[in-house]
Amino acid sequence: LYKRRVTTLRHLKNLKPYDGWSLDVYTNSSGKEMVMLRRRNAPLYTKGGFEVVSYDEHDSKCVIGITSFIGETSKTKFGRGIVLVEKNGDVARNQKEVRVSIKKDGGGGNGDDVGRMARKEKELNESRQAMRRNMDSARDAFRSRQSPASAGGSDAGPSLPDLSDEQTSEMAKLGLMLIGVLTILRILSSVFFTGYVLVLPLGIMYAMSNCPSEESFDAKKELKRVLRGHHLPENHPEKPKDDWLSSTIARVTASVATELATSLGYELSFVNLFGVCNIVTVNVPVANKEFYWIGIFGSWRYLLSRDLPKPE
């Protein structure tokens, strides 16, 4: 499927190189990988993604989004699809339903693409193993620090000195003050707990009703906002100034950097947390980075980014 996506995208860019073609790969709420074809960052089909977006090089010469497969033989798979791009490169105005046949990959073809996918999977597994080792090391170090303290506590401490009447009265005052503070804290905690119990369900219901959909996430737009420092605080040294020239330069720089980073495509994955919020991951292989956003309360908010392990 990855080879077919690369072939389709290469065909469209060769046919009309200035139309800004891109393929978004994401995982829907059912855990199924879907593909969406975009032209100039606008989806060509607004009712959802496809199982496969394929260039029909043998029959119609069109680019077709396959919605489902209906059968297969030893060499060919048969499916139903929607015509997205005509053979001359124009966007299909009448998105008619057609039946297509796709030859199965026979192990040949673009070996570099397959090798690249295998290397990415290997690097991902290595990074996960390294993370587990680091967590185990940190846990062992924490336990080793605790064990001497627990062992030393078994020794009998020195006896308390005799206190005068004045010192005893001072200790009693401190004890009463401590009891009063603890009582006030207990009252406040009960008040806050009552408010927490009342407010939390309302907050969850509001978040569920305003959780942004997966289709509302525009990866290129959000990347441009991050690259021009929109998420940075006002006193950050890398935050662009408020004047017109600095803002314009930051927008142009972010747009060029985003187009270069996503020129060979990017991968999207969504994780829905009980309908309250969506966590989206954008993998940009050209920039060797992964970006994370959270969709909650009707908008997408940038969380963080991390560098991916470089291939050997």
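Further up the page is the structure itself.
## Regarding the sheet that holds strand β10 (residues 289-296)
Strand order across the open sheet formed by seven strands is β3-β2-β1-β8-β9-β10-β11, with mixed pairing between neighbours. Two strands close off the open sheet at either side, each with one partner strand: β3 (42-43) and β11 (299-307). As paired strands, strand β9 (residues 277-284) and β10 are joined by seven bridges and run antiparallel to one another. Bridged to isoleucine 279 within β10 is isoleucine 294. This element, helix α4 (residues 219-227), spans β1 (21-27), β8 (266-273), β9, β10 and β11 of the sheet and lies at about 105° to β10.

## Here we look at the pairing of strand β2 (residues 33-39)
With five of its seven residues buried, β2 lies for the most part within the structure. Where β1 folds back onto β2 in an antiparallel hairpin, the turn is made up of five residues, including glycine 31, whose phi is positive at roughly 80°. In sequence, β2 turns back onto β3 through a hairpin of two residues, with arginine 40 there showing a positive phi of about 55°.

## Some thoughts on unusual backbone geometry
A positive phi is found at asparagine 41, a non-glycine position, where the angle reads about 70°. By secondary structure assignment, the location of asparagine 41 is in the loop between β2 and β3. Positive phi, normally seen in glycine, also occurs at phenylalanine 274, with a value near 55°. With respect to the secondary-structure elements, phenylalanine 274 resides in the loop between β8 and β9.

## Remarks on α4
Buried residues of α4: Ala219, Lys220, Glu222, Leu223 and Val226, and no others. Looking straight down α4, one finds that the buried residues subtend no more than 165° of arc, so they occupy a single side. Glycine 229 sits one or two residues past α4 and shows a positive phi near 80°.

## Digging into the state of the cysteines
In total, this model carries zero disulfides according to the counting rule given. Its sulfur unpaired, cysteine 277 is 6.5 Å from the next cysteine sulfur, which belongs to cysteine 211. What makes cysteine 277 buried here is its relative accessible area of 8%.

About the thresholds
Residues numbered from 1 in each chain as written. Predicted model: local features only at pLDDT ≥ 70, side-chain atom pairs only at ≥ 80, totals over all residues. Heavy atoms only, no water. Pairing = 2+ DSSP bridges. Helix = DSSP H or I, 4+ residues; strand = E, 2+ residues; numbered from the N terminus. Contact = heavy atoms within 4.5 Å. Axes fitted to C-alpha atoms, helices over the stretch in contact; angles between N-to-C directions. Buried < 20%, exposed > 50% of the residue type's maximum accessible area, 1.4 Å probe, protein only. Arc of directions from axis to C-beta. Disulfide = S-S within 2.5 Å.

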